[in-house]
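Spelled out, the chains give:
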Amino acid sequence: SNGRNISFPLAEYGYQVTGVDTHAQSIDWANKNNNFSNASFICQDFSHFSSDEKFDAVILSDILEHVENPLEIIQFAANHLKESGIILICIPNGFGPYELEQRILRMTHINLLIAKAIRQVKKILGRKEEKQAEYNYDSGHIQFFKQKDIENLADQVECEIKDKANGALFGGDFTYIFGVLLPFIVKPSLWLANYLPHIFASTWYFRLQPINKKK
């Protein structure tokens, strides 16, 4: 994407980061706002990405639900790993609270009403419109995964799921507002998600390692 959520924070911690995305506007924004010498951004389809360098980790954060070929993407990621490298995946539960909330909002068009209400509240409060970072809003979700689907994909590319965890409990366009207005509920929501069955979480995290490379 534009580097704000993953690449910039990792670069700030000192990691060498290469960000790849097909959305030219997002990559342009990332390059213009990149203050880290250890981060670089390339506008390219990841499946066409070419590098002689092998990586310690390939991060597929909110990627697989947007692509037609998730198996190919994971295999390509595995091919670019160092001997002990890992693949980190963040993905929404295709049938969890987030996706359900988003479907309801789209069907009822409440999402448009929410956006309008937020603009009106900001106007009443005298807040200036923030300049938004470029983002590919046109790339919607076309894959809706169950955990078994991720396990099957891992098997097909001969990777082992070394760790998995629940992410957020909610986070759709409507419930996200409560996290902004009442930030103290965010940590309890994350804590609660960890102790619930995975089917009730909105997001999942996986750490994969190719079987023939694991130590």
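Below is a short write-up of the structure. These numbers come from a predicted model, not from an experiment.

### Considering the overall build of the protein
- Helix and strand counts for the protein come out as eight helices and six strands.
- Along the protein, helices (α) and strands (β) appear in the sequence α-β-α-β-β-α-β-α-α-α-β-α-α-β when read from the amino end.
- For the protein, whose C-alpha radius of gyration is 18 Å, the value lies close to the compact-globule estimate of 17 Å for 215 residues.
- Projected onto its principal axes, the C-alpha positions of the protein cover 60 × 40 × 30 Å.
- Counting the 215 residues in the protein, one finds 34% classified as buried.
- Partitioning the contacts of the protein with sequence separation of at least 6, the portion at a separation of at least 24 is 75%.

### Overview of the layout of surface pockets
- Looking at the second largest pocket, its volume works out to about 180 Å³.
- Ile6, Leu10, Ile59, Ser61, Leu88, Ile89, Cys90, Tyr205 and Phe206 together form the lining of the second largest pocket.
- At the level of secondary structure, the elements contributing two or more residues to the lining of the second largest pocket comprise strand S3 (55-61), strand S4 (81-92) and strand S6 (203-210).
- Per-element accounting of the lining of the second largest pocket gives the leading share, three residues, to S4.
- Here the residues of the lining of the second largest pocket sort into eight nonpolar, one polar and no charged.

### Some points on the pattern of salt bridges
- Tallied over the entire structure, the rule returns five salt bridges.
- The salt bridge involving Lys148 is made with Glu151; its shortest N-O contact spans 3.8 Å. Placement of the pair is Lys148 and Glu151 together in helix H6 (residues 147-156), with a separation of three residues, close to one helical turn.
- A residue is classified by how much of its surface remains accessible, and Glu151, at 24% relative accessible area, is partly exposed.
- The salt bridge partner of Glu151 is Lys164, with a shortest N-O separation of 3.2 Å. Placement of the pair is Glu151 in helix H6 and Lys164 in strand S5 (residues 159-166), with a sequence separation of 13 residues.

### Comments concerning unusual backbone geometry
- Phi at Asp62 is positive, roughly 55°, even though this residue is not glycine.
- The residue Asp62 is located in the loop between S3 and helix H3 (70-79) in this model.
- With phi around 55°, Glu158 is a residue other than glycine that occupies positive phi space.
- In this structure, Glu158 sits in the loop between H6 and S5.

### Some words on the environment of Ile110
- Among the secondary structure elements, Ile110 is positioned in helix H5 (residues 110-124).
- Residues Ile110 and Glu72, spaced 38 residues apart in sequence, show a C-alpha to C-alpha distance of 36 Å.

### Describing the side chain of Asn34
- With respect to the element layout, Asn34 can be found in the loop between helix H2 (24-32) and strand S2 (39-43).
- Of note is the side chain of Asn34, whose polar atom sits 2.9 Å from the backbone nitrogen of Phe36.
- With sequence-adjacent residues up to four places away left out, Asn34 is seen in contact with Phe8, Ala39, Ser40 and Phe41.

### Digging into the packing of aromatic side chains
- Enumeration according to the criterion identifies seven aromatic pairs in this entry.
- Here Phe8 and Phe36 contribute two aromatic rings whose centre-to-centre distance is 6.1 Å and whose plane-to-plane angle is 45°, an arrangement assigned as tilted. On the criterion of sequence distance, the pair formed by Phe8 in helix H1 (residues 7-12) and Phe36 in the loop between H2 and S2 is long-range, its members being 28 residues apart.
- Here Phe8 falls in the buried class, since its relative accessible area comes to 12%.
- You can call Phe36 partly exposed: its relative accessible area is 24%.

### Remarks on the side chain of Thr203
- Counting through the fold element by element, Thr203 comes out in strand S6.
- Apart from residues lying up to four places away in sequence, Thr203 is in contact with Cys90, Ile91, Pro92, Asn93, Ala165, Asn166, Gly167 and Ala168.

### Details of the pairing of S4
- Alignment of S3 against S4, held across six bridges, turns out to be parallel. Bridged to Phe55 within S4 is Leu81.
- Regarding topology, H3 serves as the crossover connection from S3 to the parallel S4, and that connection is right-handed.
- Of the strand pairs in this sheet, S4 and S6 are connected by six bridges, and their pairing is antiparallel. Looking at the pairing, Cys90 lines up with Tyr205 of S6.

Basis of the calculations
- Residues numbered from 1 in each chain as written.
- Predicted model: local features only at pLDDT ≥ 70, side-chain atom pairs only at ≥ 80, totals over all residues.
- Heavy atoms only, no water.
- Helix = DSSP H or I, 4+ residues; strand = E, 2+ residues; numbered from the N terminus.
- Rg over C-alpha atoms; globule rule 2.2 N^0.38 Å.
- Buried < 20%, exposed > 50% of the residue type's maximum accessible area, 1.4 Å probe, protein only.
- Contact = heavy atoms within 4.5 Å.
- 1 Å grid on protein atoms, 1.4 Å probe; cavity = no way out; pocket = protein on both sides within 12 Å on 5 of 7 lines; lining within 4 Å.
- Points joined across faces, edges and corners; volume = space filled by probe spheres on them.
- Nonpolar A, V, L, I, M, F, W, Y, C, P; charged D, E, K, R; others polar.
- Salt bridge = Lys/Arg side-chain N within 4 Å of Asp/Glu carboxyl O.
- Polar contact = N/O pair within 3.5 Å; in protein donor to acceptor, adjacent residues only side chain to side chain.
- Phe/Tyr/Trp six-rings, centres within 6.5 Å; stacked < 30°, edge-to-face > 60°.
- Pairing = 2+ DSSP bridges.
- Right-handed = clockwise from strand over helix to strand, strands pointing away.

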